[in-house]
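# Observations on chain architecture
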Amino acid sequence: MNSKRLHAVFKYLAEAVNWVGYISISAIVLVTAIDVIGRYCFNKPLLGSLELLELLMAVFGGFAILHTTARRGHINVDLLFAIFPRRLQIAVHAFGSMMGSAIFAIIAYRVFTLGRQSLLTRYYTTILFIPTGPFEIVLACMLGLFSLVLFVQAFLPPSAKKSENVEEELSI
Amino acid sequence: MSPELIGALGIALMLVFMFLGIPIAICMASAGFIGLTAISGFHGAMNMVGIIPYSTIAAYLLTVLPVYLLMGEFADVSGLMKDSYRAANSWLGGLPGGLAMASIVGAALFSAVSGSSMACAAIMTRISLPSLLDEYKYSPRLATGALCAGGSLGNLIPPGIAFVFYALMSETSIGALYVAAAIPGIVLTLMYLVQIYVQCRLNPALGPRGRRTTWKEKLFATKDVIALTIVFGLIIGGIWAGIFTATEAGAIGTLFTLVFTIFKRQFNKRHLVQVLKNTIGISGMAFAIILGAEIFSRFIAVSRLAVGLASWVLSLNVSPITVIICIMIVYFILGTAMDAMTMILLTLPIFLGIMNALHIDLIWFGVLVIIQIELANITPPVGMNLFVVGAMVKDRNIPISAIFIGVLPFCFTMLLFNALMVAFPQLSLVLTRSM
């Protein structure tokens, strides 16, 4: 499978798992709102809401980073990059992607080992007793995929021209 | 090689990566990791960066970011921006330069539910440009300058997204920062209005008077911004009174804007998917940068460069206010050539050490930093708002140089505003001290 096709697969996967992001961000808002409404209207705050939010953020954060990477949504300073010859642009892009891929592969590996440690030592949250290990491992997997996507992107040319539509560019 | 020297080299390396065009998140993470490896060895670096992702992302403080982004997205699809511009126009349109003033007030109102300068500038340009240029024949310089400046309120008026970055890096309360920015945001809006009024009184051709509206029309248009006022009141009032944390206020605000979107019959599957997708996309970009910035900050901390610099500044025996003014000058110079967020992420790990050593209030400093971000966004030749507005008016044959000239008076106003904020810290601290 060539890198272009592999990148398309990653992009498709990132789109397909978008629902995880949709659900987690909706859950973050709902958990917070239920906690506030419960606290002020019924004098019953949601038990362990803070823990729930932190665990949801681990899932949401990991998926969001992957989603943005697959869509090449990370920002850069393109002041000089824009005036580089095309060949130099390709070389710089490949170098940056490879370097990012290597660094985040190391980080993902380390997060994974820490997650496994949390699982083995049965590390739980203090109020709801939810094991944190699986969430650390989910985040590690997302960072690992982030690294893989960057690796694949290193073999693809950088986008030659940015979108003419500014609002599309800003996703608004 | 001393750790301090490695720290300085690490900053240089990151700058090289950045100007080569490598994504900011990767620049910071890579330079940070390489620097940590040089100081503590590979295993030491791996151990240090390993704990950062989970502790940074799975943090309650960070939930504030996607929640406010979601609120801003709902506010956009519900048409709140259009409503706020219409309301401002009905009150101010009849004055000299009234339409440009309405763009500023509209942007200020929208900023109360959205935290992005560029989004604010782009949306306001889309809404008000046709009437400014085609209908009322405003000078393109004043029109584009006002639109760039209006965008600069996006981050300053709470809930600004840049404050989340600052709060994370400085470990200050995001709620206190939002409350502290409320009065400065209003003051800057008023200063922009006065500036436009004076400009148009001196040269009426810049911005002719618009149509005068009746009281009935004014009141009718004002009812459209009631929802926006309620959301702003809920957020700032709730945080100030200690009823909500910043995240809670954002979640309630998000639910409110969602209900408002349904009420305005703008809620459909397409809009919902667009809102969620945009929130995830921008959050992902922000999370990656925050992750990179945390790794880089850890490297700066380990290198003791900030501590060394702070000791050096202390040894100079200069007053804290002199240091603040010097930092503001550095930011102003950097801001003319550097993207605002890059500039802040690069300098904060160092400047925060100095601020701590001088016992300067980090909330006040945070407001000053955000003002600098916004000033950098509109200072030629490199300013994101300038590029956003420039790209949107390209088909009207307005050269970027016209925008550069048009925005200059707003830059001077902002410099004056900055001086005011440095001279009177009470303007930002009066509300936080009463929290």
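Figured I'd write up the structure that's included with this text. (Residues numbered from 1 in each chain as written. Chains lettered and ligands numbered in written order. Predicted model: local features only at pLDDT ≥ 70, side-chain atom pairs only at ≥ 80, totals over all residues. Heavy atoms only, no water.)

## Let's talk about the state of the cysteines
By definition, a disulfide links two cysteine residues through a covalent bond between their sulfur atoms. Residues and elements named next belong to chain B. In the structure shown here, the tally under the stated rule is zero disulfides over all chains. Left unpaired, C411 is separated from the closest cysteine sulfur, that of C148, by 8.9 Å. In this structure C411 comes out as buried when scored by relative accessible area, which is 5%. (Disulfide = S-S within 2.5 Å. Buried < 20%, exposed > 50% of the residue type's maximum accessible area, 1.4 Å probe, protein only.)

## A look at the interface of chain A and chain B
A common way to report how large an interface is uses the accessible area buried once the components associate. Contacts between the two partners involve 61 residues from chain A, matched on the other side by 68 residues from chain B. Both sides together, the interface formed by chain A and chain B hides about 5,600 Å², and carbon and sulfur atoms give 80% of it. One can count one salt bridge joining chain A with chain B. A salt bridge links R39(A) to E248(B); the nearest nitrogen and oxygen atoms lie 2.4 Å apart. At the boundary of chain A and chain B, one finds five residue pairs in polar contact (both at pLDDT 80 or more). Every element with two or more residues in the side of chain A that touches chain B is listed here: α2 (18-41), α3 (49-70), α4 (86-120), α5 (133-153) and α6 (166-169) of chain A. The residue inventory of the side of chain A that touches chain B, partitioned by class, reads 38 nonpolar, 14 polar and nine charged. (Contact = heavy atoms within 4.5 Å. Buried area = accessible area lost by both parts, 1.4 Å probe. Salt bridge = Lys/Arg side-chain N within 4 Å of Asp/Glu carboxyl O. Polar contact = N/O pair within 3.5 Å; in protein donor to acceptor, adjacent residues only side chain to side chain. Helix = DSSP H or I, 4+ residues; strand = E, 2+ residues; numbered from the N terminus. Nonpolar A, V, L, I, M, F, W, Y, C, P; charged D, E, K, R; others polar.)

## A closer look at the pattern of salt bridges
Residue and element names in this part refer to chain B. Counted under the stated rule, the structure contains seven salt bridges over all chains. In this structure, R126 engages D76 in a salt bridge whose closest nitrogen and oxygen atoms are separated by 3.9 Å. With R126 in helix α7 (residues 117-135) and D76 in helix α4 (residues 64-77), this residue pair connects regions lying 50 residues apart in the sequence. Taking relative accessible area as the criterion, R126 reaches 41% and is therefore assigned partly exposed.

## Points about the environment of E294(B)
All names here are of chain B. Summarising the element assignment, E294 is placed in helix α15 (residues 269-303). By relative accessible area, which is 18% here, E294 ends up buried. Separated by 178 residues in sequence, E294 and S116 place their C-alpha atoms 22 Å apart. Dropping the residues within four chain positions of it, E294 is found in contact with I52, T56 and L168.

## Considerations on the packing of α2(A) against α15(B)
Helix-helix packing: each pair is described by the crossing angle between the helix axes and the interaxial distance. Axis separation between α2(A) and α15(B) bottoms out at 10 Å; the angle between their running directions is 90°. It follows from the interaxial angle that α2(A) and α15(B) lie roughly perpendicular. Together, N18(A), G21(A), Y22(A), I25(A) and S26(A) of α2(A) and V273(B), L276(B), K277(B), T279(B) and I280(B) of α15(B) make up the contact between the two elements. Split into classes, the residues belonging to the contact of α2(A) with α15(B) amount to five nonpolar, four polar and one charged. (Axes fitted to C-alpha atoms, helices over the stretch in contact; angles between N-to-C directions. Parallel < 35°, antiparallel > 145°, perpendicular 65-115°, else oblique.)

## Thoughts on the packing of α3(A) against α5(A)
All names here are of chain A. Two elements in contact, α3 and α5, have axes separated by 9 Å at closest approach and are oriented at 5°. On the basis of the axis angle, α3 is roughly parallel to α5. Residues L55, A58, V59, G62, F63, I65, L66, T69 and A70 of α3 form the contact with α5, whose participating residues are F135, V138, L139, M142, L145, F146, V149, L150 and Q153. Here the residues of the contact of α3 with α5 sort into 15 nonpolar, three polar and no charged.

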